[in-house]
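# Observations on the three-dimensional arrangement
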Amino acid sequence: MGLDTIPIRSEVMSPPFEQQGIVALLQEISQLLRQLALSDENGVIDLRRSPLSPAQREALLTLLGQGEVSAELTVMGRSRVEETALAGVWWVTHYNEEGVVVAELLEIAPIPQILLSVEDELGESQDRLQQMIDGIINGGSVK
Amino acid sequence: MKSDREKESGAIVSQREETVLQRLRRQGISRRGFLKFCTATASMMALPPTMAPAIAAALGSATRPSVIWLSFQECTGCTESLTRSHLPTVESLIFDAISLDYHHTLQAASGEAAERAREEAMARYAGEYLLLVDGSIPYGDEGIYSTIAGVSNLEMLRQGVEGAAAVIAIGTCSSFGGLPMASPNPTGAMSVNDLMQRGAIQRRPLINIPGCPPIPAVITGVIAHYLTFGTIPQLDALHRPLSFYGDTIHDRCYRRTYYDQGKFADTFDDEGARLGWCLYKLGCRGPTTYNSCATLKWNGGTSFPIQSGHGCIGCSEPGFWDAGSFYEALSMPTAAATTATRAGVGVGVAAGALSAWQNLHQRNGARTGHQEVKLDDLERG
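Everything numeric here is computed off the predicted structure, so don't read it as measured data. (Residues numbered from 1 in each chain as written. Chains lettered and ligands numbered in written order. Predicted model: local features only at pLDDT ≥ 70, side-chain atom pairs only at ≥ 80, totals over all residues.)

## Some remarks on the sheet that holds strand β9 (residues 206-209) of chain B
Residue and element names in this part refer to chain B. Spelled out, the test is: The criterion for strand pairing is that DSSP finds at least two bridges linking the strands in question. Each helix is a run of H or I in the DSSP string that is no shorter than four residues. Each strand is a run of E no shorter than two, and both are numbered from the N terminus. For every element, the axis is a line fit to its C-alpha atoms; helices are fit only across the contacting stretch, and the angle between N-to-C directions ranges from 0 to 180 degrees.
In space, the five strands of this open sheet follow the order β2-β1-β3-β7-β9, with parallel pairing throughout. Here the strands that pair on one side only, and so sit at the sheet edges, are β2 (99-103) and β9. For this sheet, the mean inter-axis angle between neighbouring strands, taken without regard to orientation, is 20°. Of the pairings in the sheet, the one linking strand β1 (residues 66-71) to β2 comprises four bridges and is parallel in character. Within β2, the position partnered with Val67 by the bridge is Leu100.

## A look at the sheet that holds strand β2 (residues 70-74) of chain A
Sheet strands pair by backbone hydrogen bonding; their relative direction is either parallel or antiparallel. As a reminder of what qualifies: Residue pairs qualify as contacts under a 7 Å threshold applied to their C-beta atoms, which are placed from the backbone.
Strand order in the open sheet formed by five strands is β1-β5-β4-β3-β2 (chain A), with antiparallel pairing between adjacent strands. Each having just a single partner strand, β1 (43-46) and β2 of chain A make up the two edges of the open sheet. Across the sheet, the axes of successive neighbouring strands diverge by a mean angle of 20°, strand direction being ignored. The sheet contacts of helix α2 (residues 20-39) of chain A involve β1, β4 (89-95) and β5 (101-108) of chain A, and relative to β5 of chain A the element is tilted by about 55°. Sheet contacts for helix α3 (residues 31-44) of chain B: β1, β2, β3 (78-83), β4 and β5 of chain A; angle to β5 of chain A, the most-contacted strand, approximately 95°.

## Some points on helix α8 (residues 153-162) of chain B
For an α-helix, 3.6 residues make a turn, and residues three or four places apart therefore share a direction. The test is simple: Burial is judged by counting the other C-beta atoms within 10 Å of a residue's own C-beta: 20 or more makes it buried, 12 or fewer makes it exposed, and any count in between marks it as partly exposed, with every C-beta position built from the backbone. When we speak of the arc, we mean the arc of directions from the helix axis to the C-beta atoms.
Burial in α8 of chain B covers these residues: Asn153, Leu154, Met156, Leu157, Gly160 and Val161 of chain B. Taken around the axis of α8 of chain B, the buried residues stretch over an arc of 160°, which confines them to a single face.

## Some remarks on the interface of chain A and chain B
When the parts of a complex come together, some accessible area is lost, and that lost area is often used as the size of the interface. Heads up, the condition is: Residues were grouped as follows: Ala, Val, Leu, Ile, Met, Phe, Trp, Tyr, Cys and Pro as nonpolar; Asp, Glu, Lys and Arg as charged; and all remaining residues, including Gly, as polar.
In this complex, chain A contributes 30 residues to the contact, which on the side of chain B involves 29 residues. Where the side of chain A that touches chain B is concerned, the elements lending two or more residues are β1 and β5 of chain A. Top contributing element to the side of chain A that touches chain B by residue count: β5 of chain A, with four residues. Here the side of chain A that touches chain B is built from residues that sort into 16 nonpolar, six polar and eight charged.

## Structural notes on unusual backbone geometry
For residues that are not glycine, phi is negative in most cases, and the peptide bond is trans in most cases. Residues and elements named next belong to chain B. In this chain, Ser183 is followed by Pro184 through a cis amide linkage whose omega measures 10°. When you line up the elements, Pro184 lands in the loop between α9 (172-176) and β8 (189-190). The residue His239 is not glycine, and still its phi comes out positive at about 65°. Residue placement: His239 occurs in the loop between α11 (216-229) and α12 (242-245). On the basis of neighbour count, His239 is assigned to the buried category, with 22 C-beta atoms found within 10 Å. In this structure, Lys297 is a non-glycine residue whose phi angle is positive, near 60°. Tracing the backbone shows Lys297 in the loop between α15 (293-296) and α16 (333-343).

Here it is as structure tokens:
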């Protein structure tokens, strides 16, 4: 007896009710885009706090589509940043070291926060470069 | 020997004074790593994601508080739940951020050394440590039904509460009495709050995290909140954090729309069950249960009972074990639910409100039905 003989079918949702949650989310994105345009303020939506069924989540992914940019980060586990087909709307997924999703966000920003290099780090980079230069001048080789 | 121990405790103190950010940096975690950690923490604490920078700022200066975890009449399910966040996860990083000085299941020390660790932490951090309690406390016959190292649970809790900055009751047993308190409650089991109300232990700020067991991320989320902001989160009348227990399972359930439409599964294998309709008529306690299962879910966000086709059993509510069969609908199901099917939204909501009232009534009945049993009663059989 194979699995196909067990009468289980995947869930089918009736459209009008099913799409209510998605429409609300799209409206929230639209409002955050407006806010970004008007006041340069980034917006974030926590997808894990939104009551979406697995099917609704898939539908949302399809609706938002795939943009031109995607980035993969290796920082305390993997993180994936993907631009959607809507410029300024990014799908950000953080995984832990075991590959389990620890946060899933929609970030409405020119570029997601986690990709930026900040001032502190620029200073640190300069210091390290100086050390490299000193190392070469004094010791003849790079550590 | 003595000087070794002194050195050891010196090391513990200096480690504790290190801020969380410094500690993470020392472990080679970058700014991006820290930002990711804070984003995941905000998500876990049910805070808006825009709070991540505030968490980063607070954690950057927070030091590691001492935590003492006492286990009484319990099944270790709460600890099992907590440890389901496997190392190294965001949750475990938070545990790196506190100093867990006593937890008799997780600690390496045993016997007298373990008890000494507890006493030392209680003395050194008097008035500052965080006391975590799982399991109910037997109050009947002066608490003789459960002892650790010859000390009754009641006495150990009394001593622990005295020097605690705050108490967190983890699981339904320590929050509301849970399974050990189920009728006829042979040990006279009580919750931490019951004992505080009675004056059997001192009153301290109390957070209840009910659930049998609670969701791992809720346990760590509440601890993270305390660590981040140094305050108790906003609580409801039953001392539950509103961020996790503010809505019912039903309010946040993805099958809610079917309830509103009056579409129910009547048996576990009918067409409605296959189509993923509402499990209300099969006894789902979602409408009267306040918890985050529908959004945070279980096993790393994989699923929760309703998504797997079984109704909620209301394990995080007071008196859940005595509130009747898990497979009977909450209110007079046939009449209310049939009408709901015909009349749709309005009636569906009204039926939910009615059932909420009825379940509360049932629970109160169950609670007053509890009787303390003395040793004599047991012997009389």
